[in-house]
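Inside the fold
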Amino acid sequence: MARLNKCVSLPIVEDEVVLDSMLGWLVRWLRILGVRAIYDSNFKDEELLNIDHLLITRDRELFRKRTRLSMLLETSRHLEWLSISSLVLGVPLVLDMGRSLCPICGSSLIKVSKDAVADKVPKGVLSRYNDFWLCTGCGQVYWVGSHHMRIKKELELARILLSSISTSCVNNNLLIIRK
Ligand SMILES: [Zn+2]
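Predicted model only: the values in this text are computed from it and were never measured. (Residues numbered from 1 in each chain as written. Predicted model: local features only at pLDDT ≥ 70, side-chain atom pairs only at ≥ 80, totals over all residues.)

Helix and strand counts for the protein chain come out as seven helices and ten strands. Here the protein chain has a C-alpha radius of gyration of 18 Å; the compact-globule value for 179 residues is 16 Å, and the two agree. Projected onto its principal axes, the C-alpha positions of the protein chain cover 60 × 35 × 25 Å. Going through the 179 residues of the protein chain one by one, you find that 29% of them count as buried. (Helix = DSSP H or I, 4+ residues; strand = E, 2+ residues; numbered from the N terminus. Rg over C-alpha atoms; globule rule 2.2 N^0.38 Å. Buried ≥ 20, exposed ≤ 12 C-beta atoms within 10 Å, placed from the backbone.)

This is the structure:
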C-alpha cells in the first residue's frame, strides 16, 4: 500500500509534512485533522528532492531519488491514503475543531462569535448554528454543519481500514501492508 525509505518506528512526529502536487485531496484531510501539511500544486521535483521534512509522494521516481525521510503511497485509493497517514503520523481519525487547520491554506482557526461572522455567512446558517471558526490566514469561515456528517462518515471508514493495516521492515524500507 505504501512504503517509507527508512525503517523508522511509528509514529513519525514532525512539525510539518510536505505533500507532492498529486496529493491535493490528502492535504485537505490532513489539515482538517490538525496536521501542518505543506502543499503547492506547482512544487517542482528539485524543490521536493531536498526538503528536510517528511515528504509524502505518489511519484516513484522522486521517492527513489530522495535520501531524506519519504513515504511513497502505492495505492490510488484516497481513503487508504488517509488511513496510512494516520498510522504513520500518529494522528487520530477523529474530527476535533479545536485542532483543525484551514483545509484551504493550512493556517490556524480561531473560534469566533456569531457577531464576528454575521456578514460572512448566509443568514440561514447564522440562525441554525452557534459555533463558528475563522481562518487566520485566508479568512474562510467554518462551522460544524451538514457537510460534517460526510466528514465523520469518511473518517469512520478510514478507521475501519486502519485496523486492517500493519507494517513490516524489509531491506531498510518500512512497508505498510494489509494484515
Ligand atoms: Zn485559510
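With that settled, the discussion passes to the nonpolar core. By size, the foremost hydrophobic cluster in this structure holds 35 residues, and its most contacted members are Val-17, Leu-19, Leu-26, Ile-56 and Met-71. Considering each element in turn, this core owes the most residues, six residues, to helix H4 (residues 78-89). Those residues in contact with Met-71 that sit more than four places away from it in its chain are Ala-2, Leu-4, Leu-54, Ile-56 and Val-88. Judged by nonpolar contacts, the second largest core, of seven residues, contains Leu-101, Cys-102, Leu-134 and Tyr-142. (Core = buried A, V, L, I, M, F, W, Y, C linked by C-beta atoms within 7 Å. Contact = placed C-beta atoms within 7 Å.)

This next bit is on the environment of Val-88. Positionally, Val-88 belongs in helix H4. Between the alpha carbons of Val-88 and Val-121 there is a distance of 36 Å; along the sequence they are 33 residues apart. When near neighbours in sequence (up to four residues on either side) are disregarded, Val-88 contacts Leu-10, Pro-11, Ile-12 and Met-71.

To continue, consider the packing of helix H1 (residues 24-32) against H4. Packed helix pairs are characterised by how far apart their axes lie and by the angle those axes make with each other. It is at 10 Å that the axes of H1 and H4 come closest, and there the two elements cross at 45 degrees. Between H1 and H4, the interaxial angle falls into the category oblique. Where H1 crosses over H4, the handedness of that crossing is right-handed. In this structure, H1 contributes Trp-25, Leu-26, Trp-29 and Leu-30 to the contact, and H4 contributes His-78, Trp-81, Leu-82 and Ser-85. Per-class residue counts for the contact of H1 with H4 are six nonpolar, two polar and no charged. (Axes fitted to C-alpha atoms, helices over the stretch in contact; angles between N-to-C directions. Parallel < 35°, antiparallel > 145°, perpendicular 65-115°, else oblique. Left-handed = near helix turned anticlockwise from the far one by under 90°. Nonpolar A, V, L, I, M, F, W, Y, C, P; charged D, E, K, R; others polar.)

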